[in-house]
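Here is what each chain is made of, one letter per residue.
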Amino acid sequence: MSAFSHARTIIVLCTMFLPFHGAAAELAAPQGDVILTVTGAIEQTNVGKTAAFDIEMLEALPVEEISTSTIWTDGTNQFSGVSLKTLLEHVGARGNALEAIAINDYKVTIPIEDAVIDGPIIAHHLNSEKMSVRERGPLWIIYPYDKHRKYRSEVIYSRSIWQLKSIHVLE
Amino acid sequence: MISLSRPGVLNRILFAIATLLIVVLVASYGYRLFNAVTSLRSAPHDNVQWTLAQLEVDLLMLTNATLTADEKNGALDQVRERFDILYSRINTLSQGRVFAELRNNEQVRLDIDALDTFLQRYVGLVDGADDPLAAALPEISSALAGLRQTARKLSLTGVSLYAQSSDEHRAKFEQLLLTASLIALALILLLVFTLAILYRLFRVSKSRAEEIQHSSTRQLSTINASLDAIVVINDAGTIIEMNKAAETVFGFARKTAVGADMASLLVPEHYLEAHHIGMSRFRDTGEKRVVDQGRVELSAMRADGTEFPVELSIGSALDKSGSIFIAYIRDISQRIEGQNALTKARDEALAADRAKSDFIAVMSHEMRTPLNGLLGVLDLLKQTDLVERQRQYLNVATSSGEILLRHVNDVLDIARIEVGKISLDSHILDFGALVAGVADVNRPAAKAHGVRIIAKVKTPAHPLAGDNHRLRQILLNLVGNAVKFTPQGKVTIGLDVLQEFPDSATIEMHVSDTGIGISHDDQSRIFDDFVTVDASYNRRVTGTGLGLAVCKRLVEAMDGEIFLESTPGQGSRFSVRLTLPHATGTKNIQDGPATGANDTLASVKKLNILIVEDNETNRFVINEMLRSAGHRTSEAIDGHEGVAMAQESHFDLILMDISMPGMDGMQATKAIRSGNGPCRNTAIIGLTAHVLPEEQLQFAKTGMQHCLTKPIRMATLNALLMQLDDNDPSTLSTGVVKNHLEDPIDLDVLDELITTLSPDVLRATLIRALKEIDEGIINVKILARQRAFDALKLAVHKIAGTAAILGATHLNQQLADIENACKTGRMDDALAAIEGIAESADKVTKTLEEYIATIDED
């Protein structure tokens, strides 16, 4: 175990000496309230071994929009946020699966394969408005349900975690 | 058995409709099943159950938060968060699409409303300042306690409702599955059925394929077993297939030949152009000159380039790629070789036969010349003083010579007919004269052994035309034979008209005898060459056995038929049937000089005669004949000399040989006629070995008056000279010279009576005549004794008349002499002659009695 930790340290050090390496920029420290914490097998960290995000940091990331209906809401709504894939790349995630945890302690495992272009996003806006906890905010993993049948299954619904607060990248 | 080849149109439509129905049914159920499965896939039931269960949890968590908030500072944020979570949960329940069904339940709606009411009541406090919230915590807590039952109830109702709904869904799905299964089952059955049909079809087609395989194997073995080469080509001329025989015949391996151009492989170079023309003609016009035309003989080429004859038969058929031609080719080299050898052998045999015929003809011809000399000299010898014994020897020698001559003539005739030199003339025929002439010629021989010749001629209504000479030859032969083979009795020559046609008539000439007859076995070969029958009898008769063969050939040349009916011991009857055309012209030819006439030379005017003849013997014989008759003669040894002598002095007659070296007889005649010499109008008589009708015409054209056939006989020559004496030389011709002075009765005259009188009348006439002669002779004798010359003269004259009617020429002559003697007062001569007439009259009486007896027989 100590050898493994040692190797990881070296990797972290390497990334520190190569500030512009890869797609991800140097991860700045969060200024506001942390609304998302990414832990586990990631290369970019800003608070200890975690990557912590406030709303501004998330909003600064490339915004993607999904216009879809959901089983939990009425009618078609426009969700916008950061693509799960983009976020994982941003933190240099190297794992096979994600363990997503909600404020209400709901926990679900999302395979890394789900994080694709035009796949799920971590929505922070609903119809251009920030989402409150009462509206299942502030972060909600939204799949493009209307876009493809494969996204309309019980499993996908269960992965559509709202009131998201942290992601643990499993190796 | 399923009809594969011609399914009905109705069947096809029904099948299509059924298939369409099944497809629609399957598609519709498939679609419904798919939808059901999709909805099952996306049915978020678990999520709903989870949410309902979480509602209770969230409620408890908030309650917990409110209860613990008293003890800890800052725990209000915890309350707020739990409130928000509960808020979001209830919000989801009241708005979420998945809960719509749940919300349809009245109780559920009321429960949600109750929960919502709670949220609305305290949301202000939660969002407000800390103190009022902290103050309200006990209240919120108790309110939550009140709601716990509601949440519980809601959860349970949800479970029950969803269970119910799930059951319904399951039932529906089950129904759907069942229907789909049934359809699937039906489909499977249909598939099984189709499979069965397909299997059946497969079996059928497999057995057919096997059948075709067998049949094609059979066909292949048939084709390969064929001894003839079989080559199949397409219409581009490419070889598609060939059999083993073709490999052997042409010397090509099948591998090399198939796919190659047939023409360049099998057609000899010099036939290529014709072949290509033929092929392109067929392609352009479809005209087939060789194809489907049966057997054709052509040449073909082997692999080594040698050409060989083939017999070819080409059939055509339509293949999927167009016309194909199937050629059956037989190598006929050997056959052709055989044929050629056969043809060569035949030609050689024919040539040899022709050489033989030619040899015979030449030999016969060469034999005739010395024979002519012999016979001429014998004739001359008769004129000299001879003792009786010498005369007998001379007669034997003469008749032997004549027989030999006849044989030579027969052989020559056969030879001529064989080489096709016979040609038929056509003249108006006088059947009466023809038959009479033949009868006359044969009478002396017949009389020698007591045979009488009777002629019965029926004249056709319209004169007919034919070759008189040849008909005479036929009749002479038949009658000669009849006389020869009839030891005693009679020979009848008849001519009947069998049928009259508008422009022709069928006649039958028949010769019947009462002779020895011909055995049945001999009858079939009697007309063959060199056949003599009855060896025992043969001693007494002579013959080459060619006579009948000549007759048959002549009759056949005239498109006629010759028959024989014979009974051994009773006689034979030969019949010749000919269909002759009606005579249209007026040309008439008279008979040639008859043989058998009196050999003694009558006293004629002495003439100055020129003989032009290259053959020394002939010249000598003719010269002697003429000189012995008291004529003056001059000789020329060829045409030139003849013309020169005719130019110098006048002759009363010129005898001109036809064939001479240098200038021949016709050229010489022309020269004399066209010149202005003293012989310009002198009668010229041609001398020839053989006369053909067209030659005779040619001789006449050159200016000859007549033509004599060698051998020249005294009698013939004498008859001709007598005519010359009587007539103007320019109209000279020969006729039948009749002289039957030796005969008691000229049977011709009697035979003529038979044809004109009925047998009864004839018989009565003859008996009366007989009586008149008998009585007249007695009367004459009495009158002679009484020397009543005037009465005698009248009596003699009367008997002479009767004798003339009967044809008793000799008696008639004797009576005429007596009459003359009476007239001139030579009484002693008359009395002496009367002694002679008694004998003659006896003969006449005897002959007549015999004759009457034959009439009775008939």
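Residues numbered from 1 in each chain as written. Chains lettered and ligands numbered in written order. Predicted model: local features only at pLDDT ≥ 70, side-chain atom pairs only at ≥ 80, totals over all residues. Heavy atoms only, no water.

1. Things to note about the overall build of chain A
The helix and strand tally for chain A stands at 4 helices and 10 strands. Helices (α) and strands (β) of chain A occur, in sequence order from the N terminus, as α-β-β-α-β-β-α-β-β-β-β-β-α-β. Contacts spanning at least 24 positions in sequence make up 60% of the contacts within chain A whose residues lie at least 6 apart. In the structure as shown, chain A presents an accessible area of about 8,200 Å², 57% of it carried by carbon and sulfur atoms. (Helix = DSSP H or I, 4+ residues; strand = E, 2+ residues; numbered from the N terminus. Contact = heavy atoms within 4.5 Å. Areas by Shrake-Rupley, 256 points an atom, 1.4 Å probe, with all protein chains shown as cover.)

2. Considering the environment of M663 of chain B
All names here are of chain B. Structurally, M663 can be placed in the loop between β15 (653-657) and α20 (665-674). Note on M663: relative accessible area 17%, which makes it buried. When the C-alpha positions of M663 and E641 are compared, they lie 9.4 Å apart, and in sequence the two are 22 residues distant. Those residues in contact with M663 that lie beyond four places of it in its chain are G639, H640, V643 and A668. (Buried < 20%, exposed > 50% of the residue type's maximum accessible area, 1.4 Å probe, protein only.)

3. A few points about the interface of chain B and chain A
Taken together, the contact pairs 28 residues of chain B with 22 residues of chain A. Summing the contributions of chain B and of chain A, the shared interface buries around 2,200 Å²; its carbon and sulfur component is 48%. Taken together, the links from chain B to chain A amount to 3 salt bridges. The partner of R134 of chain A in a salt bridge is D84 of chain B, with the nearest N and O atoms 2.6 Å apart. (Buried area = accessible area lost by both parts, 1.4 Å probe. Salt bridge = Lys/Arg side-chain N within 4 Å of Asp/Glu carboxyl O.)

4. Looking at the nonpolar core
L36, V38, F53, L87 and I122 of chain A together with F118 of chain B are the most contacted members of the largest nonpolar core, which totals 83 residues. Among the elements that line this core, the one with the most residues is helix α6 (residues 130-225) of chain B, at 10 residues. Those residues within four positions of F118 of chain B in sequence are excluded, and the remaining contacts are L62, F83, L86, I140, A143, L144 and L147 of chain B. (Core = buried A, V, L, I, M, F, W, Y, C linked by side-chain atoms within 4.5 Å.)

5. Digging into the confidence of the model for chain A
On average, residues of chain A score 84 in pLDDT, and 85% of them are at 70 or above. Across residues 1-24 of chain A, confidence stays below pLDDT 50; counting only partners more than four residues off in sequence or on other chains, it has 9 contacts. (pLDDT = per-residue confidence, 0-100.)

6. What to know about α6 of chain B
Given a rise of 1.5 Å per residue, 96 residues ought to cover 142 Å, yet the end C-alpha atoms of α6 of chain B are separated by just 119 Å, more than 12% below that figure. The largest bend in α6 of chain B is about 45°, located at L137 of chain B, with the proline P138 of chain B one to four residues further on. (Expected span 1.5 Å × (residues − 1). Bend = angle between axes of the 7 residues up to and from the residue.)

7. Observations concerning the pattern of salt bridges
Residues and elements named next belong to chain B. On inspection of all chains with the given rule, the structure shows 28 salt bridges over all chains. Notably, a salt bridge pairs E565 with R573, separated by 3.7 Å at the nearest N-O pair. Since its relative accessible area comes to 25%, R573 is described here as partly exposed. The shortest N-O distance in the salt bridge between R826 and D829 comes to 2.9 Å. One connected set of salt bridges, linked through shared partners, spans D228, R295, E297, E311, R330 and R335.

8. Details of the sheet that holds strand β14 (residues 632-636) of chain B
All names here are of chain B. Overall, parallel pairing links the 5 strands, which are arranged β14-β13-β15-β16-β17 in an open sheet. The sheet is open, and its two edges are formed by β14 and β17 (706-709), each paired on a single side. Neighbour-to-neighbour, the strand axes of this sheet turn through a mean angle of 20°, independent of strand direction. Of the strand pairs in this sheet, strand β16 (residues 683-688) and β17 are connected by 4 bridges, and their pairing is parallel. (Pairing = 2+ DSSP bridges. Axes fitted to C-alpha atoms, helices over the stretch in contact; angles between N-to-C directions.)

9. Some points on a nonpolar patch on the surface
All names here are of chain B. On the surface, a nonpolar cluster with roughly 390 Å² of combined accessible area is contributed by V9, I13, I17 and L21. Inspection of the secondary structure assignment puts I13 in helix α1 (residues 9-42). Judged by its relative accessible area of 45%, I13 falls in the partly exposed class. (Patch = residues over 30% accessible without salt bridge, like charges linked within 9 Å, V, L, I, M, F, W, Y side chains within 5 Å.)

10. With respect to the pairing of strand β10 (residues 504-513) of chain B
Residue and element names in this part refer to chain B. Burial runs high along β10: 10 of the 10 residues are buried. Burial along β10 is two-sided: the residues S504, T506, E508, H510 and S512 and A505, I507, M509, V511 and D513 are all buried. Counted along the chain from strand β9 (residues 489-500) to the antiparallel partner β10, the turn is 3 residues long. Pairing of β10 with strand β12 (residues 571-581) involves 9 bridges; the strand directions are antiparallel. Note on β12: the bridge partner recorded for T506 is T579.

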